[in-house]
Amino acid sequence: MLAILKGQASARPVVTTAYLGAVMASGLVAGFAALRFAPPTEHVWSVALLVGLAGLSQFASVSLFGQTSVSLSFAFTFLCLLWFGPGAATLTVVVATLVHAVYPARRPWKKVLFNFGSLSLAVAAGGIVYTATGGSVAPEGIRTALFPALVAGAAYFLVNTLTVSGAISLTSKQRFLKVWASNHYGLWAYYLSVAFLAVVAATTFRIDEYLAYPGIAALLAIPWVVSRLWVLRAKQLVQALRHG
């Protein structure tokens, strides 16, 4: 999940309110529409397990240098998208958003709704692009699923980061492209690496192979661990330069 950490009073309240409202409303519509694509009932426990993992992983977030944070929950959202479709993926977004609403601090309901709207739109975009490029739900082979999954990951990345950047730009008087470039552009590697590992997991393990889920979680966590270590190291170098 990509989220806004800080906010300022908007210099253009009417435009800002209209933009935030549009993202919230369209995200809610996309979310309810996605829930119509419910996964098969025989996979209800698999979906519940991944939704639970998405909620737990939201507690593990990495604060970036700008005004955003990124968590591990995207990995389980994307795996749900590949295995079960947009309905299950939206359920992970619901749970992750609820966790993010109260941890590490309570957030205003408008910010919660905006985050849900942004993520729901990202799921919708990823799902549409995935199927449009030849991807199938519960893919059987990595050779046919890899390209659609990577393009879907890119679509998810763009929709999520661009909508969040728009909100930051409007509330902080900063230029939109500057906000996106400084806060989100570098995350493309994280999103695409997660998408790659998710399609590897989706085509290597069986949906009902529950004993393999800890291994799947560890596999999907690799980009998050690398990102966390990189951010910590970069911040240490910045502090050393300031005090050196």
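Keep in mind that this is a model prediction, so the values were computed, not measured. (Residues numbered from 1 in each chain as written. Predicted model: local features only at pLDDT ≥ 70, side-chain atom pairs only at ≥ 80, totals over all residues. Heavy atoms only, no water.)

> So what about the packing of helix α6 (residues 142–172) against helix α8 (residues 188–204)? Which residues, and what values?
The geometry of α6 relative to α8 is characterised by a closest axis approach of 8 Å and an angle of 145° between their N-to-C directions. The handedness of the crossing between α6 and α8 is right-handed. The segment α6 lies against α8, with Ile 142, Ala 145, Leu 146, Ala 149, Leu 150, Gly 153, Ala 154, Tyr 156, Phe 157 and Asn 160 engaging Trp 188, Tyr 191, Leu 192, Ala 195, Phe 196, Val 199, Val 200 and Thr 203. Of the residues contributing to the contact of α6 with α8, the split by class is 15 nonpolar, three polar and no charged. (Axes fitted to C-alpha atoms, helices over the stretch in contact; angles between N-to-C directions. Helix = DSSP H or I, 4+ residues; strand = E, 2+ residues; numbered from the N terminus. Left-handed = near helix turned anticlockwise from the far one by under 90°. Contact = heavy atoms within 4.5 Å. Nonpolar A, V, L, I, M, F, W, Y, C, P; charged D, E, K, R; others polar.)

> Mind laying out a nonpolar patch on the surface, listing which residues take part and the relevant values?
Side chains of Leu 28, Phe 32, Leu 35 and Leu 91 sit close together on the surface and give an oily, nonpolar patch of about 350 Å² of accessible area. Its location among the elements puts Leu 91 in helix α4 (residues 86–102). (Patch = residues over 30% accessible without salt bridge, like charges linked within 9 Å, V, L, I, M, F, W, Y side chains within 5 Å. Areas by Shrake-Rupley, 256 points an atom, 1.4 Å probe, with all protein chains shown as cover. Salt bridge = Lys/Arg side-chain N within 4 Å of Asp/Glu carboxyl O.)

> I'd like a rundown of helix α7 (residues 176–183), residues and numbers included.
For an α-helix, 3.6 residues make a turn, and residues three or four places apart therefore share a direction. Where α7 is concerned, the buried positions are Val 179, Trp 180 and Asn 183. All buried residues of α7 lie within an arc of 95° about the axis, which places them on one face of the element. Facing away from the buried side of α7 by over 90 degrees, the exposed positions are Leu 177 and Lys 178. (Buried < 20%, exposed > 50% of the residue type's maximum accessible area, 1.4 Å probe, protein only. Arc of directions from axis to C-beta.)

> Quick rundown of the packing of helix α3 (residues 73–84) against helix α5 (residues 109–132)? Include the residues and the values.
Their axes nearest at 11 Å, the elements α3 and α5 cross at an angle of 40°. By the angle between their directions, the pair α3 and α5 is classed as oblique. The handedness of the crossing between α3 and α5 is right-handed. Between α3 and α5, the contacting residues are Thr 77, Leu 81 and Leu 82 on the first element and Val 123, Gly 126, Gly 127 and Tyr 130 on the second. Each residue belonging to the contact of α3 with α5 can be placed in one class, and the counts come to four nonpolar, three polar and no charged. (Parallel < 35°, antiparallel > 145°, perpendicular 65-115°, else oblique.)

> Describe the packing of aromatic side chains, and please don't skip the residues or the numbers.
For the coordinates displayed, the defined rule picks out 13 aromatic pairs. Judged by centre distance (6.4 Å) and plane angle (45°), the rings of Tyr 19 and Phe 114 are tilted. Placement of the pair is Tyr 19 in helix α1 (residues 13–34) and Phe 114 in helix α5, with a sequence separation of 95 residues. Judged by relative accessible area, Tyr 19 falls into the partly exposed class, the value being 23%. The interplanar angle of 45° and the centroid separation of 4.6 Å between the aromatic rings of Phe 74 and Tyr 156 together place this pair among those described as tilted. One end of the pair, Phe 74, is in helix α3; the other, Tyr 156, is in helix α6, and 82 residues separate them in sequence. The two residues Phe 74 and Tyr 156 agree in class, both being buried. (Phe/Tyr/Trp six-rings, centres within 6.5 Å; stacked < 30°, edge-to-face > 60°.)

> I'd like a description of the nonpolar core, backed by residues and values.
Core analysis: the biggest nonpolar cluster contains 49 residues, and Phe 78 and Trp 83 have the highest contact counts within it. Elements represented by at least two residues in this core include exactly α2 (44–57), α3, α4, α5, α6, α8 and α9 (213–243). Considering each element in turn, this core owes the most residues, ten residues, to α3. In contact with Phe 78, other than residues within four places in its own chain, are Ala 149, Ala 152, Gly 153, Ala 195 and Ala 198. (Core = buried A, V, L, I, M, F, W, Y, C linked by side-chain atoms within 4.5 Å.)

Limitation: the analysis is restricted to geometry and does not speak to function.
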